[in-house]
Amino acid sequence: MPPVRHWPALDLFGVDFDPVLAGLMEEGPVTRIKLPNGSGWAWLVTRYDDVRAVTNDPRFSRKLVVENDVTRLAPHFIPVDGAVGFEDPPDHTRLRRAVAPAFTTRGVERLRDRAREMLDELVAGVLRDGPPADFTQRLLGPFPLAVVCELMGVPAEDRPRMHEWTNLILSSAQGAERSQRAKEEMCAYFAETMRRRRGTGGEDVIGLLSTAVAAGEITESESVGLALLIQIGGEAVTNNTGNMLFILLTRPDLMDRLRADREGRPRAIEELLRYIPHRSAVGLSRIALEDVTVAGVRIRAGEAVYVSYLAANRDPDVFPDPERIDFDRASNPHVAFGYGPHFCVGAMLARLESELLVDALADRFPGLRLAVPAQEVRFRRGALIRGPESMPVTWG
């Protein structure tokens, strides 16, 4: 049996790959880890094929994690009822079905024009004020927030509160108690809003959830848990696009390529999604319901297992020369949005937002560059999700 490796909470700079994860990948396809919180140890699966197999295998349960104090990165572990991330089929399927119409091609396309409009307004404001500017504060933060609130049906005047709650929930910087309180406040907001909206219908997420509760398809507390998850997840685009922009501003050759090749931008975004370290360590674990063999290693019933999508996206058997950012990569079946039943419901929306943002950055800001030396760009500390805290830029 492999030794248990301690994986501390690291505040890494920029888009540096986690050195502990790199070491674990070297060690073998299935290793054992102990994270800073929770108890005991867990298995870690890092090879692409094995990651896809585990995430798609019903013999590994998310629901059981709630009852166990599994070793984990987050200091506080507070799943809410209806947290779709901690459900297994068929409940998981039932919950996702309630919001599915908002995330279909038609649902996402419905938002495209409005999203472009909101981004144009933000860009116009930045151009009017002139350089320098903090793009995290002016574009990368407000744009995904506005889009997810539009998708949810959260009015403009409530958006600053949503943003503050999300930051508190996703960071350990102000302690577990403050995170818990932010989660309770956001849940109370959604419960009240959905009660008010009941029976009014609508294509936004709050409307869809209110309808599903009225029809007896999901409970009120499940609807609140789902709303919370989608709202928080919506702001992941801020960090992902922040990481992408940092790469483009520190690799001018890549930015020049994007400026010159509009057609190739969607493919370039896929390659950046594969490459960026979108989170610290690992996300949510699973627990084996029976003995399962993965890559020749016997995982016993009741043992916890993590997969690393970051490691899978650097698997040389699937992505030749994985450390290189290659906008011409012919095949790019990355797992940046997960895999299996828990594949990110908002993937299509995140791609739309990333494409709109990249277009704006490449086309509207000639000579865009960092306003400070690269090593002075501040990245989030003590956060589960990695990304720049601020992005000081200038142009012209």
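What you see is a predicted model, and the numbers here were worked out from it, not measured in a lab.

1. Notes on the sheet that holds strand β6 (residues 286–288)
- Ordered by their spatial adjacency, 6 strands build an open sheet running β1-β2-β3-β9-β6-β4, and the pairing between neighbours is mixed. Each end of this open sheet is capped by a strand with a single partner; those strands are β1 (4–6) and β4 (60–61).
- Lying over the sheet, helix α1 (residues 19–27) contacts β1, β2 (30–34) and β3 (42–45), oriented at roughly 145 degrees with respect to β2.
- Helix α2 (residues 48–55) contacts β3, β4, β6 and β9 (304–307) of the sheet and is inclined by roughly 125 degrees relative to β9.

2. Topic: the layout of surface pockets
- The calculated volume of the largest pocket comes to roughly 540 Å³.
- Counting only elements with at least two residues in the lining of the largest pocket, the list comes to α5 (135–140), α6 (142–152), α7 (159–170), α8 (176–197) and α11 (236–250).
- When residues in the lining of the largest pocket are grouped by element, the largest group, 6 residues, is from α7.
- Approximately 290 Å³ is the volume found for the second largest pocket.
- If you trace the second largest pocket, you find 15 residues lining it, with Met25, Glu26, Arg314, Asp315 and Pro316 closest to the centre.
- Considering each element in turn, the lining of the second largest pocket owes the most residues, 3 residues, to α1.
- Here the residues of the lining of the second largest pocket are counted per class, giving 7 nonpolar, 2 polar and 6 charged.

3. Remarks on unusual backbone geometry
- With an omega of 5 degrees, the peptide bond running from proline 89 to proline 90 counts as cis.
- With an omega of -10 degrees, the peptide bond running from proline 131 to proline 132 counts as cis.
- Assignment of secondary structure puts proline 132 in the loop between α4 (105–129) and β5 (133–134).
- The phi dihedral of alanine 295 falls on the positive side, at around 50 degrees, and the residue is not glycine.
- Within the secondary structure layout, alanine 295 lies in the loop between β7 (292–294) and β8 (297–299).
- You will see that aspartate 321, though not glycine, has its phi angle at about 50 degrees, which is positive.
- Structurally, aspartate 321 is set in the loop between α14 (309–312) and α15 (347–364).

Cut-off values and rules
Residues numbered from 1 in each chain as written. Predicted model: local features only at pLDDT ≥ 70, side-chain atom pairs only at ≥ 80, totals over all residues. Heavy atoms only, no water. Pairing = 2+ DSSP bridges. Helix = DSSP H or I, 4+ residues; strand = E, 2+ residues; numbered from the N terminus. Contact = heavy atoms within 4.5 Å. Axes fitted to C-alpha atoms, helices over the stretch in contact; angles between N-to-C directions. 1 Å grid on protein atoms, 1.4 Å probe; cavity = no way out; pocket = protein on both sides within 12 Å on 5 of 7 lines; lining within 4 Å. Points joined across faces, edges and corners; volume = space filled by probe spheres on them. Nonpolar A, V, L, I, M, F, W, Y, C, P; charged D, E, K, R; others polar.

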